[in-house]
Amino acid sequence: MAATPPSHSTATEAPVLLLMGSGDRRYREYIVAAVSRHFRLWLLDAHEPSWQLPYVEGASLLDTKNLDELLAEAKKVMEQLPVAGVFTYDESLVHPAARLAEALGLPGSAPDAVLACRDKATTRARLTAADVPQPACTAVATAAEARRAADATGYPVVVKARGLAGSLGVVRADHGDAVEAAFEAASSANWPGVPRYEADVLVEEYLTGPEISVDAVVVDGVCTPMIVARKQVGMEPYFEETGHTVDAADPLLEDAELLDQLHRIHKALGFEHGSSHTEFKLTPDGPRLVEINARLGGDFIPLIGMLATGTDPAVAAAHVAAGLVPDTAPRTQKTAAIRFLYPERDCEAVEVTVRTDLFGPTVHSAIATAGPGTRLALPPRAYMNRYGYVIAVGDEHDQVTADVEAAPTLVGLRARPLTG
């Protein structure tokens, strides 16, 4: 299916990337827009394109999980255009994208390495074999197995879905009686296109300390961190992500122990080329891996990273996908932060209002993401049901923090309780 001509100004001689998947416009358009200024894009998607059309050379509607379909369509595109790589930011498509890149002889990590990042049990097994310090972990298939594993590990424990990301289906259990409910929450959480396993739930040692994420690019086995995001979570015993803060001058970017672990993790998994999003807890014993994803971070982390540093992690990731060495040097030194807004209880949105008159000096944007009639349920019934977010960026860290913490007053929710 041919798309309408793009309205952006990418030069006709620019290399082409096969963009696999596109996602929710509210959370993904900024990536597509940024990358389209440097590369021509051909979209391979399972959904009819709409908002994507101004940014792409063309689009193909197909089953993005079917390698034969992908390969046949990609070869058609390559007969017309100089395709340089395969690019995706979609967690459910990182493995199909790696398989497609390998089949076409384009840049990327081996599909086995990408799968080792997706499957948290495999991640733990390979890192254990490589003597990378990490929490104790057991894969289980039943609530009874989870209880035995938790008893052996010692409380509290974290019970999580084996193949999900974004804190979906992640629950802390403080005692044995809480493990069964935690197992049910973890095993019932799902995301389209994410595989399930026979032993589909992990029981892990609980790690104490602040949580961070590192977005990096990897070229020929060399891992270069671009941004460190300090994460905020809430809704205990769940780990719903409520915000992130990026400081371009974060000292962790030069922390020898963290950088050593980051390198060893990628090496042990065989992840040698691409972009990654790696999450750690900063424990009293040092950094400990929470999980690694073979893609850009979600939750607008690349955007606030760009606002803080002046260098776009999404554009850098696209360069790596095309086999090019990206520019990762920061151009500015600011702090940028985002806070997501959740209702206090399950409800249906009646109205969400943005109060521009109350913006602090560093507020970059305040966005309502829930319209009238949107059902907003909290964990464990649903995850990431937000009604808005606020982004702030500035030179003064404390002012940025103050402005995003005012998010509930900047984006107001009027709602009615859910009755069923």
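Whatever comes next refers back to the structure up there.
Keep in mind it's a predicted model, so treat the numbers as computed, not measured.

Honestly, helix α3 (residues 94-104) in this entry has me stumped. Any pointers?
For an α-helix the count is 3.6 residues per turn, leaving residues at separations of three or four pointing the same way. Of all 11 residues in α3, 8 are buried, a share of seventy percent or more. Val-94, His-95, Pro-96, Ala-97, Ala-98, Leu-100, Ala-101 and Leu-104 are the residues of α3 that are buried. In the core, the buried residues of α3 are packed alongside β1 (16-20), β2 (40-45), α2 (67-80), β4 (83-87) and α4 (111-118). Remark: Gly-105 follows α3 within two positions and exhibits a positive phi of approximately 70°.

Could you clarify how one ought to interpret the nonpolar core in this entry?
Within soluble globular proteins, side chains that are nonpolar generally end up buried alongside one another. With 42 residues, the main nonpolar core has Leu-17, Ile-31, Val-35, Leu-41, Phe-87 and Phe-300 as its most contacted residues. Per element, the largest residue contribution to this core is 6 residues, and it comes from helix α1 (residues 25-36). Beyond its immediate sequence surroundings of up to four residues, Phe-87 is in contact with Leu-17, Leu-18, Leu-19, Met-20, Ile-31, Val-35, Leu-296, Ala-314, Ala-317, Ala-318 and Ala-321. The next biggest cluster of nonpolar side chains, apart from the first, holds 25 residues, and it includes Val-214, Leu-258, Ile-292 and Ala-294.

Any chance you could explain empty space enclosed by the protein here in plain terms?
Leftover empty space is mapped by rolling, across the atoms, a probe with the size of a water molecule. Tallying each qualifying case throughout the model produces 3 cavities of 30 Å³ or more. Put simply, the largest cavity is a space of about 230 Å³. Along its surface, the largest cavity is lined by 22 residues, and Val-158, Lys-160, Val-170, Glu-211 and Val-290 are the ones closest to its centre. Elements supplying a minimum of two residues to the lining of the largest cavity: α5 (120-129), β6 (157-161), β8 (201-205), β10 (222-234), β12 (274-283) and β13 (286-293). For the lining of the largest cavity, the element with the most residues is β13, which contributes 3 residues. When grouped by side-chain class, the residues that make up the lining of the largest cavity number 9 nonpolar, 2 polar and 11 charged.

Could you clarify how one ought to interpret the packing of α5 against helix α8 (residues 256-269) in this entry?
Axes are the key here: two packed helices are described by the angle between their axes and the distance separating the axes. Their axes nearest at 9 Å, the elements α5 and α8 cross at an angle of 105°. Classified by the angle their axes make, α5 and α8 are roughly perpendicular. Facing Thr-123, Arg-126 and Leu-127 of α5, the residues of α8 in contact are Ile-265, Ala-268 and Leu-269. By residue class, the composition of the contact of α5 with α8 is 4 nonpolar, 1 polar and 1 charged.

Just to check I follow, could you spell out the pattern of salt bridges for this structure?
When the charged atoms of two side chains with opposite charge come close together, those side chains can pair. For the structure on display, the rule yields 27 salt bridges. The partner of Arg-147 in a salt bridge is Asp-151, with the nearest N and O atoms 3.7 Å apart. Of this pair, Arg-147 and Asp-151 both sit in helix α6 (residues 143-153), 4 residues apart, which is roughly one turn of that helix. In this structure, Arg-147 and Asp-177 form a salt bridge, with 3.8 Å as the shortest nitrogen-oxygen distance. Taken as a pair, Arg-147 in helix α6 and Asp-177 in helix α7 (residues 176-188) lie far apart in primary sequence, 30 residues in all.

I would appreciate a short explanation of the side chain of His-266 in the present structure.
Mapped onto the elements of the fold, His-266 is located in helix α8. Its relative accessible area of 2% is what places His-266 among the buried residues. In this structure the side chain of His-266 is engaged in a polar contact, spanning 2.7 Å, whose partner is the side chain of Ser-276. Among all residues touching His-266, those that are not within four sequence positions of it are Val-218, Cys-223, Phe-271, Ser-276, Thr-278 and Ile-292.

I keep staring at the sheet that holds strand β17 (residues 375-376) and nothing clicks. Help me out?
Strands pair in a sheet through their backbones, by hydrogen bonds, and they do so in one of two ways: parallel or antiparallel. Taken together, the 3 strands give an open sheet; going across it, the order is β17-β15-β19, and neighbouring strands pair in antiparallel fashion. The sheet is open, and its two edges are formed by β17 and β19 (411-417), each paired on a single side.

When you look at the layout of surface pockets in this model, what are you seeing that I'm missing?
Taken as a whole, the second largest pocket encloses approximately 310 Å³ of empty space. Along the wall of the second largest pocket there are 23 residues; nearest its centre are Val-86, Gly-108, His-273, Gly-274 and Ala-294. With 5 residues, the top contributor of residues to the lining of the second largest pocket is α3. When the residues that make up the lining of the second largest pocket are grouped by side-chain class, the tally is 15 nonpolar, 6 polar and 2 charged.

Reading guide: rules and limits
Residues numbered from 1 in each chain as written. Predicted model: local features only at pLDDT ≥ 70, side-chain atom pairs only at ≥ 80, totals over all residues. Heavy atoms only, no water. Buried < 20%, exposed > 50% of the residue type's maximum accessible area, 1.4 Å probe, protein only. Helix = DSSP H or I, 4+ residues; strand = E, 2+ residues; numbered from the N terminus. Contact = heavy atoms within 4.5 Å. Core = buried A, V, L, I, M, F, W, Y, C linked by side-chain atoms within 4.5 Å. 1 Å grid on protein atoms, 1.4 Å probe; cavity = no way out; pocket = protein on both sides within 12 Å on 5 of 7 lines; lining within 4 Å. Points joined across faces, edges and corners; volume = space filled by probe spheres on them. Nonpolar A, V, L, I, M, F, W, Y, C, P; charged D, E, K, R; others polar. Axes fitted to C-alpha atoms, helices over the stretch in contact; angles between N-to-C directions. Parallel < 35°, antiparallel > 145°, perpendicular 65-115°, else oblique. Salt bridge = Lys/Arg side-chain N within 4 Å of Asp/Glu carboxyl O. Polar contact = N/O pair within 3.5 Å; in protein donor to acceptor, adjacent residues only side chain to side chain. Pairing = 2+ DSSP bridges.

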